[in-house]
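Summary of the model geometry
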Amino acid sequence: MDKMPQWADVVLIPLISLLLAAILSALVILAIGEDPVAAVQLMVSGALGSTYGWGYTLYYATNFMFTGLAVAVAFHARLFNIGGEGQAMLGGLGVALVALMIPWPHWSIALIFAMLGAMAFGALWAAIPAYLQAKRGSHIVITTIMFNFIAAAVLNYVLVNLLRPAGSMEPATARFPEAVHLPTLHELLAPFGIAFSRAAPANVSLLVAIIACVLVWLLIWRTRTGYEIRAYGHSETGALYAGISPVKITMIAMLISGALAGMMAINNVMGEAERLVLNATEGAGFIGIAVALMGRSHPFGVFLAAILFGFLYQGGAELALWTSIPRELIVVIQALVILFTGALDNMVRMPLEKVFLAARRRRQATEAARKPAE
Amino acid sequence: MDFLTLIQVLDSTIRLATPLLLACLAGLFSERAGIFDIGLEGKMLMAAFFSAAVAALTGSVWLGLLAGVASSMILSGLHGLASITFRGNQLISGVAINFLAAGLTVLIAQDWFQQGGRTPSLIGGGRFTPIVLPFAETLRDVPILGPIYSELLSGHSILVYVAFLMVPATWWILFRTRFGLRLRAVGENPAAVDTAGVSVVGLRYAAVAICGMLCGIAGAYLATALQAGFVKDMTAGRGFIALAALIFAKWRPWYALYACLLFGFLQAIALRYQNIDLFGLVIPVQFMDALPYILTVVILAGFVGKAIPPRAGGEPYVKER
């Protein structure tokens, strides 16, 4: 029997956790001698007050949707994929190779193949830890951490020694050709007469990310594979008895996860920088963990949490610009969100369960008291 | 490579292995008691900052060390609260601690010192100074043994010697004391320990506290002995290399020493030579950087021996199901 109604589990607990994280963040801001209310106002006006702000917020949110979905899909199979960062880095390599090696006639065709490249490279980077977990029993958390570092070394080597254009000192690829430029929201919305900031980097990848949210929802809740993933995540032994192969599910879940993380590169590498640089991911792979936890691994939750983190990212950048609060405030907030929605989940859940249990008991008692009277 | 170069490389091996070793032994205590800890990096970073900050403010490196250890132990307490008391996911808690440290250190450093997230450079009493072992100067000119004694063994800060002494100490505590027996048991079969009337929660908190203390020393070493002051993200993945070394050592103290020395050696080589020319085959520096991680994956995959973690590791203990 459920102890709590579903809405409490899905909405109330994340909200309370978020509130706790927000209160603590406010205390941190107070402690460094700044005004939390003014800080929030600055963040809101900076991130949501203009189409320029929105453009950045949505650009970051696009990244976090991909990495959040990546973590979420793996979570459904009870696999904790910390390797989003490395998978996204390698996805960037896939995008760069596709964009640079072939003269594309139009961005739309280039985008499709860049997506395939990103997915292939991201999935490949997730496939090795997945295989080792499924076949050799090595812990996926540890191997994906190791693969993040290995990915950084690989990318460093490739950029310094192989892809760097002649005469350039910087470890980065050449600029992508003009033909593969992805239209920004400004270019997409202009035909409809909507004026959107020209400088903001949000681009057509946002639509791809939203489609990805829908597809992941379909996959997890409307397909046989999704059912098997959830069944495996719910009970490994149960799934085994039902004839679901752990090896198959681990591989499938991690390949999808890695492909989604890799897809992030179409936004940050192809859509924004238009060339591959070192550390292009800027920690988005890790923020995916917070996004997935807050979104309760549901694509719609991931969508909302990604926008919230996009807001935090852009708002935090504005804070760093106008006050003496460094950008690292976002990292602290991110840590608190992970802590409260992930690790300290029971701290919020236990007292709430007690409240709901007590309420139910009282209701039953009053019903029982009323019955004999009738 | 001539003899003196070899001595120099080995010397920096010892310096670089020290923080790895301390963090690795920290993880050893925690994981032997069944608490996975991927927050080693964060605790080290936090300790590095607070030790450097307090040493800079007070001019006393010992107060710095104390502050570093205290800050690391607070994070350990948080990890314990999440993973022991509230039975949360230990891995998620560790991830959160890493981020918390990465963010808070820069935030506080900026607030206190306004130097872009770093502390002022430590001078004088704010740093651990090298200890010259007896007769190191007089023995310097003895061939072979002289340089080994006076260059390699002498002239390190006290924390280096503490770290190396921690290896036999850890072995003794874990395998020769009652506390150690119970601590290992709680990582293998907590229900049995509980049945015997020993507090699982108490033991796990003790293990986590020791872990915090050792990580604190490791962080203080980084900021006040290896370097003079704190800079943003100065642990640079050392916590994860320590984790790798722990797996490499299969959760055993003496092997932890060898693993940390090996990884320290790899770091020393990568630091000294950019690209290594091995009989015409050039090994890029990036490969050397990645080698500890690659080796760990190979070990984890069971291609060279099998690394079996403590059986109850990662599982919160629930009394009476």
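Everything here concerns the structure above.
Attention here is on the structure that accompanies the text. (Residues numbered from 1 in each chain as written. Chains lettered and ligands numbered in written order. Predicted model: local features only at pLDDT ≥ 70, side-chain atom pairs only at ≥ 80, totals over all residues. Heavy atoms only, no water.)

As a further point, take the overall build of chain A. The number of helices and strands found in chain A is 15 helices and zero strands. Against the compact-globule benchmark of 21 Å for 374 residues, chain A has a radius of gyration of 23 Å, which places it among compact chains. For the C-alpha atoms alone, the extent of chain A along its principal axes is close to 90 × 55 × 40 Å. For chain A, the proportion of its 374 residues judged to be buried stands at 54%. For chain A, contacts bridging at least 24 residues in sequence account for 77% of all contacts bridging at least 6. In the structure as shown, chain A presents an accessible area of about 16,300 Å², 67% of it carried by carbon and sulfur atoms. When the 22 positive and 19 negative side-chain charges of chain A are each reduced to one mean point, those points stand 12 Å apart. (Helix = DSSP H or I, 4+ residues; strand = E, 2+ residues; numbered from the N terminus. Rg over C-alpha atoms; globule rule 2.2 N^0.38 Å. Buried < 20%, exposed > 50% of the residue type's maximum accessible area, 1.4 Å probe, protein only. Contact = heavy atoms within 4.5 Å. Areas by Shrake-Rupley, 256 points an atom, 1.4 Å probe, with all protein chains shown as cover. Lys, Arg positive; Asp, Glu negative; His and termini not counted. Charge placed at Lys NZ, Arg CZ, Asp CG, Glu CD.)

Each partner contributes residues to the interface: chain A has 44 residues there, and chain B has 41 residues. A buried area of about 3,600 Å², summed over both sides, lies between chain A and chain B, and 82% of it is on carbon and sulfur atoms. Our count for the contact surface shared by chain A and chain B stands at one salt bridge. Of the charged contacts in the structure, one is a salt bridge between B:Lys232 and A:Glu328, with a shortest N-O distance of 2.9 Å. (Buried area = accessible area lost by both parts, 1.4 Å probe. Salt bridge = Lys/Arg side-chain N within 4 Å of Asp/Glu carboxyl O.)

What follows deals with unusual backbone geometry. Of note in this structure, A:Asn279 is not a glycine but carries a positive phi near 55°. Even without being a glycine, B:Arg87 presents a positive backbone phi close to 50°. Position of B:Arg87 relative to the elements: it lies in the loop between helix H3 (61–85) and helix H4 (90–113). For B:Arg87, a relative accessible area of 33% gives the class partly exposed.

Left-over empty space is what a probe sized like a water molecule reveals as it rolls over the atoms. Residues and elements named next belong to chain A. Across all of its chains, the model carries two cavities of 30 Å³ or more by this definition. Taken as a whole, the largest cavity encloses approximately 50 Å³ of empty space. In terms of lining, the largest cavity is formed by Tyr 59, Tyr 60, Asn 63, Phe 64, Met 264, Asn 268, Ala 280, Thr 281, Glu 282, Ala 284 and Tyr 313. Elements with a minimum of two residues in the lining of the largest cavity: helix H3 (51–76) and helix H11 (246–273). For the lining of the largest cavity, the element with the highest residue contribution is H3, accounting for four residues. Residues belonging to the lining of the largest cavity are distributed by class as follows: seven nonpolar, three polar and one charged. The computed volume of the second largest cavity comes to approximately 40 Å³. Lining of the second largest cavity is provided by Ala 88, Met 89, Gly 92, Leu 155, Ala 265, Asn 268, Val 269, Leu 276, Ala 280 and Thr 281. Those elements that provide at least two residues to the lining of the second largest cavity are helix H4 (84–101) and H11. Counted by class, the lining of the second largest cavity contains seven nonpolar, three polar and no charged residues. (1 Å grid on protein atoms, 1.4 Å probe; cavity = no way out; pocket = protein on both sides within 12 Å on 5 of 7 lines; lining within 4 Å. Points joined across faces, edges and corners; volume = space filled by probe spheres on them. Nonpolar A, V, L, I, M, F, W, Y, C, P; charged D, E, K, R; others polar.)

Evaluated as defined, the whole model comprises ten salt bridges over all chains. Taking the shortest distance from any N to any O, the salt bridge between B:Lys43 and B:Asp37 comes out at 2.4 Å. You can call B:Lys43 buried: its relative accessible area is 0%. In this structure, a network of salt bridges that share partners links the residues A:Arg224, A:Glu228 and A:Lys248.

What follows deals with the packing of aromatic side chains. Across all of its chains, the model carries 21 aromatic pairs over all chains by this definition. With centroids separated by 6.2 Å and ring planes inclined at 40°, the aromatic side chains of A:Tyr56 and A:Tyr60 adopt a geometry described as tilted. Of this pair, A:Tyr56 and A:Tyr60 both sit in helix H3, four residues apart, which is roughly one turn of that helix. For the pair A:Tyr56 and A:Tyr60, one class covers both residues: buried. Taking the centre distance of 6.0 Å and the plane angle of 40° together, the rings of B:Phe49 and B:Trp112 count as tilted. You can see B:Phe49 sitting in helix H2 (residues 40–58) and its partner B:Trp112 sitting in helix H4, a full 63 residues away along the chain. We classify B:Phe49 as buried; its relative accessible area is 0%. Within the aromatic cluster, the residues linked to one another by ring pairs are A:Tyr52, A:Tyr56, A:Tyr59, A:Tyr60, A:Phe64 and A:Tyr313. Over the ring of B:Tyr255 we find B:Arg252, and its NZ or CZ is 4.0 Å from the ring centre. (Phe/Tyr/Trp six-rings, centres within 6.5 Å; stacked < 30°, edge-to-face > 60°. Lys NZ or Arg CZ within 6 Å of the ring centre and 35° of its normal.)

The next thing to look at is helix H5 (residues 107–136) of chain A. Residue and element names in this part refer to chain A. Helix length check: H5, at 30 residues, gives a terminal C-alpha distance of 42 Å against a target of 44 Å (1.5 Å per residue), a fit within 8%. The largest bend in H5 is about 30°, located at Ala 127, with the proline Pro 129 one to four residues further on. Of the residues one or two after H5, Gly 137 is the one with positive phi, at around 70°. (Expected span 1.5 Å × (residues − 1). Bend = angle between axes of the 7 residues up to and from the residue.)

This paragraph deals with the environment of A:Asn268. Residue and element names in this part refer to chain A. Mapped onto the secondary structure, Asn 268 falls in helix H11. Asn 268 gets classed as buried once you look at its relative accessible area, which sits at 5%. Taking the C-alpha atoms as reference points, Asn 268 and Ala 88, 180 residues apart in sequence, are found 9.8 Å from one another. The residues touching Asn 268, leaving out its near neighbours within four places in the chain, are Tyr 59, Asn 63, Ala 273, Ala 280 and Thr 281.

All names here are of chain B. The interhelical angle for the contact between helix H1 (residues 3–32) and helix H9 (residues 200–226), taken along N-to-C directions, is 170°, at an axis separation of 7 Å. Compared by their axis directions, H1 and H9 come out roughly antiparallel. Contacts between H1 and H9 involve Arg 15, Leu 16, Thr 18, Pro 19, Leu 22, Ala 23, Leu 25, Ala 26, Gly 27, Phe 29 and Ser 30 from the first element and Ala 207, Val 208, Ile 210, Cys 211, Leu 214, Cys 215, Ile 217, Ala 218, Tyr 221, Leu 222 and Leu 226 from the second. In terms of residue class, the contact of H1 with H9 is made up of 18 nonpolar, three polar and one charged. (Axes fitted to C-alpha atoms, helices over the stretch in contact; angles between N-to-C directions. Parallel < 35°, antiparallel > 145°, perpendicular 65-115°, else oblique.)

This part covers helix H1 (residues 6–31) of chain A. Given 3.6 residues per turn, any residue in an α-helix points the same way as the ones three and four places further on. When the terminal C-alpha atoms of H1(A) are compared, their 37 Å separation across 26 residues agrees well with the 38 Å that a helix rising 1.5 Å per residue should span. A maximum bend of about 30° is found in H1(A) at A:Leu12, where proline A:Pro14 lies one to four positions downstream. Taken as a whole, H1(A) has its buried residues at A:Ala8, A:Ile13, A:Pro14, A:Ser17, A:Ala21, A:Ser25, A:Val28 and A:Ile29. Those residues of H1(A) that are buried lie in contact with helix H2 (36–48), helix H12 (284–294), helix H14 (329–343) and helix H15 (345–370) of chain A together with H4 of chain B. Downstream of H1(A) by a residue or two, A:Gly33 has a phi angle that is positive, lying close to 80°.

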